[in-house]
Structures are given as structure tokens and as C-alpha cells.
Amino acid sequence: MYELLESFARGMDIDAFWAIMSEAIDQVNDVYSKFSDAKSVYMESKIHETYDHLLIVGNDMVQKAAIACIFSYKDKSLLPYKENFERLLDEKSFREQLVLFSINEEEGVCVVHEDHRSAVMHILLRFLYGKLWALTKRNVVESRRAAIFRYLGGCRTYELLEFLKILFAPILDVIGTSDIDYNKMEILCNDKESLFKMDFAKVNRYGG
């Protein structure tokens, strides 16, 4: 997917590129809204996988369009939290919503039902990763990132590990693994000859 987007975007202004992408996704969502069951669409699994990739893009327009497409599935585990995600999309209400949309079970304020948590966290972790990279004023970026990392403190252990996999996915892809294997990483770091042969220029923050 990344190679295709890269070839399309070559020579374009990045804002113009993502504006076109956002419009294209909106068109897809408009088509999807006409289906009574989005899961029945041809190559649905690939399309849904694409939404996962688009969620981690640090662009508000793209994330907004991807979220709209995801909610077109009318997943019963996600629908109760549609307003929460919509408010997270709005920079003005983002930080307040992080407080209200609590996932912290230890503090007894979690608002996500146990039966819904897996589906919600799958979307939320990718969305928050994208928010880490969304461009805006420097002081806003720094405070937003701090707020996100504090929020992630409410994750369960395996959820936090999933976020770390998303965070380090570009590097994991380059070194040829899809899992965080500390032993393998330690061996690799000690093998300078192999390490220096790796093409880290191929590291792609958006994965895929």
C-alpha cells in the first residue's frame, strides 16, 4: 500500500495529497453507506485493513474519513462510542474527551464495556498513534503527546504491547519481524555487521 501511495504522491504538496486522499475516502464511504451490510462488499477484509492503515496517518482529514468508513459497518461494539470518537477528532474537545472516554479500570472510571473493549481498543490505539504525528503548533503537539501517553497508562498490559507494536512497526518491518522480541533485538544490536547492512531509509512511519 505504501509504495502505491508514495508513487502517487511523488512531487505533490503533502497537504494537497492528503486532501485528495480524504476526498477519495469520503467517496468510498458514500458508496458504502448505500450497502445494508458493509461486510458483504467484495474484498471487504482488504478494505478494512486499509482503514487500519489510514487511522495511523497523522492527518486529521484522513482520520476523520477513515473513522466514518469504520462506523459505516454499524458494529454494535463500536456504535455506543461513536460520539466519543467524533469528539476525539475535534482538536478543541480532544483533551477533554481523553478524560471522559476513560479506559482505566484500576481507577474505576472505565466507560468501555468489557464486551466492547477489544473492538474499541483496536481502533482507538491506531487513532491515537496517528494523533501523535498530526501536525499543528509545536506547543500543542507536545501537550497532546503528553496527554496521549498519560491516557495510555490506562491500557491493559497486552493493549500497551499492541500499541508498542504499532509504534515500532516501521523498524520491526525493516529488521524482518512482526513481533517485539527483545532477545532477537539484542542479538541484532550486537551484530553490527548485519545492522549496518539494513536499509533504514525504508523505514515508513505509516506502515503497510
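Side note on the packing of helix α4 (residues 60-71) against helix α5 (residues 82-89)
Here α4 crosses α5 at 170°, and the two axes come no closer than 10 Å. Classified by the interaxial angle, the pair formed by α4 and α5 is roughly antiparallel. Taken together, the residues of α5 that come into contact with α4 (itself represented by Gln63, Lys64, Ile67 and Phe71) are Lys82, Phe85 and Leu89.

Re the nonpolar core
Counting 38 residues, the largest nonpolar core has Ile67, Phe85, Leu88, Phe101, Leu124 and Leu128 as its most contacted members. Within the residue set of this core, elements represented by two or more residues are α3 (44-55), α4, α5, α6 (94-100), α7 (117-133), α8 (138-151) and α9 (157-175). At nine residues, α7 tops the list of elements feeding residues into this core. Excluding residues within four positions of it along the chain, leucine 128 makes contact with Phe94, Leu98, Ile148, Tyr151 and Leu152.

Overview of the pattern of salt bridges
One pass over the full model with this rule turns up nine salt bridges. In this structure, glutamate 114 engages arginine 156 in a salt bridge whose closest nitrogen and oxygen atoms are separated by 2.4 Å. Note that glutamate 114 is positioned in the loop between α6 and α7 and arginine 156 in the loop between α8 and α9, a separation of 42 residues in sequence. The buried category is assigned to arginine 156, whose relative accessible area is 19%.

Thoughts on the environment of leucine 55
Structurally, the position occupied by leucine 55 is in helix α3. Taking the relative accessible area as the measure of exposure, leucine 55 reaches 0% and is therefore buried. Distance from leucine 55 to isoleucine 70, taken between C-alpha atoms, is 9.9 Å for residues 15 residues apart in sequence. Setting aside anything within four residues of it in sequence, one finds leucine 55 in contact with Gln63, Ala66, Ile67, Ile70, Ile123, Arg126, Phe127 and Gly130.

A word on the packing of aromatic side chains
All chains considered together, the criterion is met by six aromatic pairs. Taking the centre distance of 6.4 Å and the plane angle of 85° together, the rings of phenylalanine 85 and phenylalanine 127 count as edge-to-face. Of this pair, phenylalanine 85 sits in helix α5 while phenylalanine 127 sits in helix α7; the two residues are 42 residues apart in sequence, bridging distant segments of the chain. Of the residues examined, phenylalanine 85 reaches a relative accessible area of 0% and is grouped as buried. Taken together through their ring pairs, the aromatic side chains of Phe71, Tyr81, Phe85, Phe101 and Phe127 make up a single cluster. The ring of phenylalanine 94 has lysine 131 sitting right over it, with the charged end atom 5.3 Å from the ring centre. Above the face of the tryptophan 133 ring, arginine 145 is positioned so that its terminal group lies 5.2 Å from the ring centre.

About the criteria used
- Residues numbered from 1 in each chain as written.
- Predicted model: local features only at pLDDT ≥ 70, side-chain atom pairs only at ≥ 80, totals over all residues.
- Heavy atoms only, no water.
- Axes fitted to C-alpha atoms, helices over the stretch in contact; angles between N-to-C directions.
- Helix = DSSP H or I, 4+ residues; strand = E, 2+ residues; numbered from the N terminus.
- Parallel < 35°, antiparallel > 145°, perpendicular 65-115°, else oblique.
- Contact = heavy atoms within 4.5 Å.
- Core = buried A, V, L, I, M, F, W, Y, C linked by side-chain atoms within 4.5 Å.
- Buried < 20%, exposed > 50% of the residue type's maximum accessible area, 1.4 Å probe, protein only.
- Salt bridge = Lys/Arg side-chain N within 4 Å of Asp/Glu carboxyl O.
- Phe/Tyr/Trp six-rings, centres within 6.5 Å; stacked < 30°, edge-to-face > 60°.
- Lys NZ or Arg CZ within 6 Å of the ring centre and 35° of its normal.

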